[in-house]
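Read off the chains here:
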Amino acid sequence: MPLPSFLSMYQQLIAAPSISAMDESLAMSNKGVIDLLANWCTSLGFECEITELSGPKGRFNLLAKRGHGDGGLMLAGHTDTVPFDDSRWNYDPFKLSEYDNKLYGLGSIDMKGFFAFVLQAISELDKNEQTQPILILATADEETTMAGAQQICKHPNLKPARCIIGEPTDMTPVFTHKGHMSTAIRVVGRSGHSSDPERGLNAIEVMHKVIAKLLLLKEELKNKYSVEHFVIPYPTLNLGHIHGGDNANRICGCCEMHIDMRPLPGLSVQELQMMLLKIAAEINNQYPDAVSVMDMHEPIPAFTGSTDTALVQLAEKISGEQAVAVNYCTEAPFIQQLGCETIVMGPGSINQAHQPDEFLAMEKIKPSQHIISEMIKASCFG
C-alpha cells in the first residue's frame, strides 16, 4: 500500500478520535490512530510492535523500527488528545479544515500531526542509504497518566542513541523542562449541628491551617530553589481547586483541595512529596488522622538535559535556534530512561495546545519538514 500524501495522512489522523481523559466517560481508545500509523510504517518497510497497556482497555503503544541493532534515532510522540468544548470550536475538531492559511483540527499540533511530518520525511529519503536504525514511537495517554511512556521506558530491547519528541515547539529544541505533580489533600473532620461547634471538627477550619502552611512552602520553594534557564526559575505551587461542606448550618465534615506543583531539575518528586507529608504530619499532631495526602496521578519528574550533547548541538545547527528550557512537561523524562540523548522539538506552537480551534500555520510546514528531514538524515543516513 503506497503512503498517502502528507495532507491525506494529516486528515486521517485528525479524523480518528483518541481523546484521553481521567473521566472514563470521556476517554477513547487510540487504536484507530495506532492502526493508521502501523499500516503507513509497514508500507515504508518498518517492523511494527503494537502493545496494549495495562489498566483501562483500548490504550495501545506502537513501536516501529527499520534497520537492525541498537542506536539510531527514535521519533516519538503521543497519539491522544485532550477533550474539547464543542461550543468554543468554530470548526469540526475531527475534520482537518483549511482556512486563512491554517490547518484546524484537534491534535493538529498536539500532536498527531507530527507523525505525518515524520512519515513524509522518511518516504523522501533513499532507504538504501540508511546506515542507522530509524524508530517511530507512538504512545497512549500522555495527556493524563503518561502510562504509554512509563511502559515503553521498561522495554527490554529498546536502545536508540537519540530521541526527538515532537511536541509543538516551533522547531526550537528543548533540552530541559519542569515536572508535574497533581496532589489531593483531604481533611476529614466530624460533622454536626452548627449551633454546637465543640461537638464537631470543622474540616474547612483545619484546611485553613493546611493552606497557611502551603503558602509558606510556596514562598520557601520560590526563595530556596532556582534554575536560571527557565523563564519562571523556581518550582511553583498552585492551589487549584477546593470543595468542602454541604450546608451553612452544618459543621463541615470533609474538605478536599487539589494542588499543582512543578518541580525543577535537581528537585525530586520524592522531596516535594516529603514536604507535603511533613505539613500533614504537623496538622495531624493537633488533629490525629485528619489530614491525608494523595497523588492524583503518577508524578512526572523534571526532564534534566544539557546543551552539551551532540543531539542538542545538531538540532541547534539545523534549526538555527538556541535550545531552551520550558515550564510545561512531556514524556521526555521517561524516554530518557532508555539511555538515549533526548530533546523535545516539533512543528506548531505550544500556544495552540489545548486551545479551541487548534491549528498548524501552513507557512510553517515546509521549514518544519526540512528540519525534521535533516535531523533524520544526519542521524541515520550517510
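The rules we used
Residues numbered from 1 in each chain as written. Predicted model: local features only at pLDDT ≥ 70, side-chain atom pairs only at ≥ 80, totals over all residues. Heavy atoms only, no water. Pairing = 2+ DSSP bridges. Helix = DSSP H or I, 4+ residues; strand = E, 2+ residues; numbered from the N terminus. Axes fitted to C-alpha atoms, helices over the stretch in contact; angles between N-to-C directions. Salt bridge = Lys/Arg side-chain N within 4 Å of Asp/Glu carboxyl O. Buried < 20%, exposed > 50% of the residue type's maximum accessible area, 1.4 Å probe, protein only. Contact = heavy atoms within 4.5 Å. Core = buried A, V, L, I, M, F, W, Y, C linked by side-chain atoms within 4.5 Å.

### Brief notes about the sheet that holds strand S5 (residues 102-104)
Read from one edge to the other, the open sheet built from three strands follows the order S4-S5-S17, with strand pairing classed as antiparallel. Sheet topology places strand S4 (97-99) and strand S17 (359-361) at the edges, where each strand pairs with a single neighbour. Looking at each pair of strands side by side, their axes are set apart by 25° on average, direction ignored. Pairing of S4 with S5 involves three bridges; the strand directions are antiparallel. Of the residues in S5, the one forming a bridge with Tyr99 is Lys102.

### Observations regarding the pattern of salt bridges
The full count for this structure, using the stated rule, is 11 salt bridges. The partner of Arg59 in a salt bridge is Asp141, with the nearest N and O atoms 3.2 Å apart. One end of the pair, Arg59, is in the loop between strand S1 (47-52) and strand S2 (60-66); the other, Asp141, is in the loop between strand S6 (134-139) and helix H4 (147-152), and 82 residues separate them in sequence. Note on accessibility: Arg59 and Asp141 belong to one class, buried.

### Quick look at the environment of Val227
With respect to the helices, strands and loops of the structure, Val227 is situated in the loop between helix H5 (203-224) and strand S11 (236-244). Separated by 39 residues in the primary sequence, Val227 and Gly266 have C-alpha atoms spaced 9.0 Å apart. Setting aside anything within four residues of it in sequence, one finds Val227 in contact with Pro233, Leu264 and Pro265.

### Focus on the nonpolar core
One finds Leu37, Ile136, Met375 and Ile376 to be the most contacted residues of the largest nonpolar core, which totals 56 residues. Of all the secondary structure elements, the ones that give two or more residues to this core are helix H1 (6-14), helix H2 (31-43), S2, strand S3 (73-78), helix H3 (113-123), S6, helix H7 (310-319) and helix H9 (365-380). Looking at this core element by element, the count peaks at eight residues for H3. Ignoring sequence-local partners within four residues, the contact set of Ile376 consists of Leu73, Leu75, Val118, Ala121, Ile122, Leu125, Ile134 and Phe381.

### Notes on unusual backbone geometry
The omega angle of the peptide bond from Asp110 to Met111 is -15°, so this bond is cis rather than trans. With respect to the helices and strands, the residue Met111 is situated in the loop between S5 and H3. Even without being a glycine, Asp357 presents a positive backbone phi close to 55°. Positionally, Asp357 belongs in the loop between strand S16 (341-344) and S17.

### Let's talk about the sheet that holds S11
On the basis of which strands lie adjacent, the open sheet formed by four strands has the order S11-S13-S9-S14 and antiparallel pairing. Strands with a single pairing partner mark the edges of an open sheet, and in this sheet they are S11 and strand S14 (291-295). Shown here is a sheet whose adjacent strand axes are inclined to one another by a mean of 20°, direction ignored. Bridge analysis of strand S9 (residues 181-188) against strand S13 (residues 254-262) gives eight bridges, and the strand direction is antiparallel. Looking across to S13, one finds that Val188 is bridged to Cys254. Along the sheet, H5 makes contact with S9, S11, S13 and S14, crossing S13 at roughly 10°.

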